Amino acid sequence: MKIKIFLTVCLLLASLSGCAPKIYHVNLSYQPTKKIEPILTDGRALSVTVSELIDTRKIDDPLLVGNVIRRDGTTIPVLPRYNRVPDAVTDVLRRILSQLAFHVSPTKVLWNLQEDTILPSWGTILIGGRIDELRIICHDDIAVKKYAANAEITLFFADVQKKKIFYHATAKSSSTLEHVFFSEEKLETQISGVLFEAAEKIVTAPETIRQIHQILKH
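Residues numbered from 1 in each chain as written. Predicted model: local features only at pLDDT ≥ 70, side-chain atom pairs only at ≥ 80, totals over all residues. Heavy atoms only, no water.

A. Region of interest: the overall build of the protein. When its secondary structure is counted, the protein shows four helices and nine strands. Secondary structure elements of the protein occur, N-terminal to C-terminal, as α-β-β-β-β-β-α-β-β-β-β-α-α. Of all intrachain contacts in the protein linking residues separated by at least 6 positions in sequence, the fraction that spans at least 24 positions is 73%. Accessible area for the protein stands at about 12,300 Å²; split by element, carbon and sulfur atoms hold 56% of it. (Helix = DSSP H or I, 4+ residues; strand = E, 2+ residues; numbered from the N terminus. Contact = heavy atoms within 4.5 Å. Areas by Shrake-Rupley, 256 points an atom, 1.4 Å probe, with all protein chains shown as cover.)

The following block contains the structure:
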């Protein structure tokens, strides 16, 4: 009995002070933060092509989306679980547009945000942009775990047939959380939340919708 108690205590201490994982992973999949109303209500299907967003974050390793800083000062990287950051963010944007009742082209294109490189085969409206910031930092202290997430996205909207950018906008989002427990799930919730909010801010903004309707009139 004493041996069993001793082993139990040893296992508990090991779980508290043992080696942390070398890497944490988060899944940047789309979860709507609010109800999104379709942009078109007359039965029309507006064709849009979404270009892979360009990662312009000022970081040394583009695979990173953040770090967990432990109480002993060690830093553990946080990486996307399935896709690269540009793939994950572009997929979020595509899903939001689908919620708005756009017909999102399945074609994957790469656009450098220059008007003279727009191709006529890219539908009616082309949407591309930049990932200016996407990061989660967690200070894994003894008593309280402090999470801080930030996102900044810039989107460009272009009239494909005229090869002209008619609108662009930037949106930022941030979030903080203090909790007694640490988990990958909380990392994921915080960074995904700011990503979704920044993308939704642009795509569902009244001015964005007004600009799109202006294109449709012509």
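B. The arrangement of the pairing of strand β7 (residues 125–140) in detail. In terms of burial, β7 is a largely internal element, 12 of the 16 residues being buried. Of the strand pairs in this sheet, strand β2 (residues 47–50) and β7 are connected by three bridges, and their pairing is parallel. Opposite Val-50, over in β7, you have Ile-127 as the bridge partner. Pairing of strand β3 (residues 54–55) with β7, which is carried by two bridges, proceeds in the parallel orientation. By the bridge assignment, Ile-54 is partnered in β7 with Arg-130. Two elements, strand β4 (residues 66–70) and β7, share five bridges in a ladder whose sense is parallel. Each bridged residue has a counterpart across the sheet, and for Gly-66 the counterpart in β7 is Ile-136. Taken together, the 15 bridges between β7 and strand β8 (residues 145–159) define a ladder with antiparallel strand orientation. (Buried < 20%, exposed > 50% of the residue type's maximum accessible area, 1.4 Å probe, protein only. Pairing = 2+ DSSP bridges.)

C. Spatial organisation of the packing of aromatic side chains. Under the criterion given, the structure shown has four aromatic pairs. Note on Phe-157 and Phe-166: the rings are 6.3 Å apart at their centroids and 50° apart in plane angle, and the pair reads as tilted. By relative accessible area, Phe-157 is classed as buried at 1%. Ring centres 5.9 Å apart and planes at 40° place the aromatic pair Phe-157 and Tyr-167 in the tilted group. Taken as a pair, Phe-157 in strand β8 and Tyr-167 in strand β9 (residues 164–179) lie far apart in primary sequence, 10 residues in all. Here Phe-157 and Tyr-167 have matching classes, each one buried. Grouping aromatic residues by their ring pairs yields a cluster made of Tyr-24, Tyr-147 and Phe-182. (Phe/Tyr/Trp six-rings, centres within 6.5 Å; stacked < 30°, edge-to-face > 60°.)

D. A look at the nonpolar core. With 49 residues, the main nonpolar core has Leu-97, Leu-134, Ile-153 and Leu-187 as its most contacted residues. With nine residues, helix α3 (residues 184–203) is the single largest residue contributor to this core. With nine residues, the next largest nonpolar core counts Trp-111, Leu-113, Leu-126 and Phe-156 among its residues. (Core = buried A, V, L, I, M, F, W, Y, C linked by side-chain atoms within 4.5 Å.)

E. Structural context of the pattern of salt bridges. Considering all chains together, one arrives at nine salt bridges under this definition. Glu-184 serves as the salt-bridge partner of Arg-81, at 3.5 Å between the closest nitrogen and oxygen. Here Arg-81 is found in the loop between β5 (75–80) and α2 (85–99), whereas its partner Glu-184 is found in helix α3, with 103 residues between them in sequence. The class of Arg-81 is partly exposed, set by a relative accessible area of 36%. Where Arg-130 meets Asp-132, a salt bridge forms, and the shortest distance between an N and an O atom there is 3.0 Å. Overall, the relative accessible area of 19% leaves Asp-132 in the buried class. Among the charged side chains, a salt-bridge network with shared partners connects Glu-52, Arg-84 and Asp-87. (Salt bridge = Lys/Arg side-chain N within 4 Å of Asp/Glu carboxyl O.)

F. Seen up close, the environment of Glu-152. Note that Glu-152 resides in strand β8. Spatially, the C-alpha atoms of Glu-152 and Ala-198 are 6.5 Å apart, while their sequence positions differ by 46 residues. The residues contacting Glu-152, other than those within four sequence positions of it, are Arg-130, Ile-131, Asp-132, Glu-133, Thr-170, Ala-171 and Lys-172.

G. The environment of Leu-126, seen in detail. Inspection of the secondary structure assignment puts Leu-126 in strand β7. Ignoring sequence-local partners within four residues, the contact set of Leu-126 consists of Thr-49, Ser-51, Val-109, Trp-111, Ile-118, Phe-156, Phe-157, Ala-158 and Val-160.

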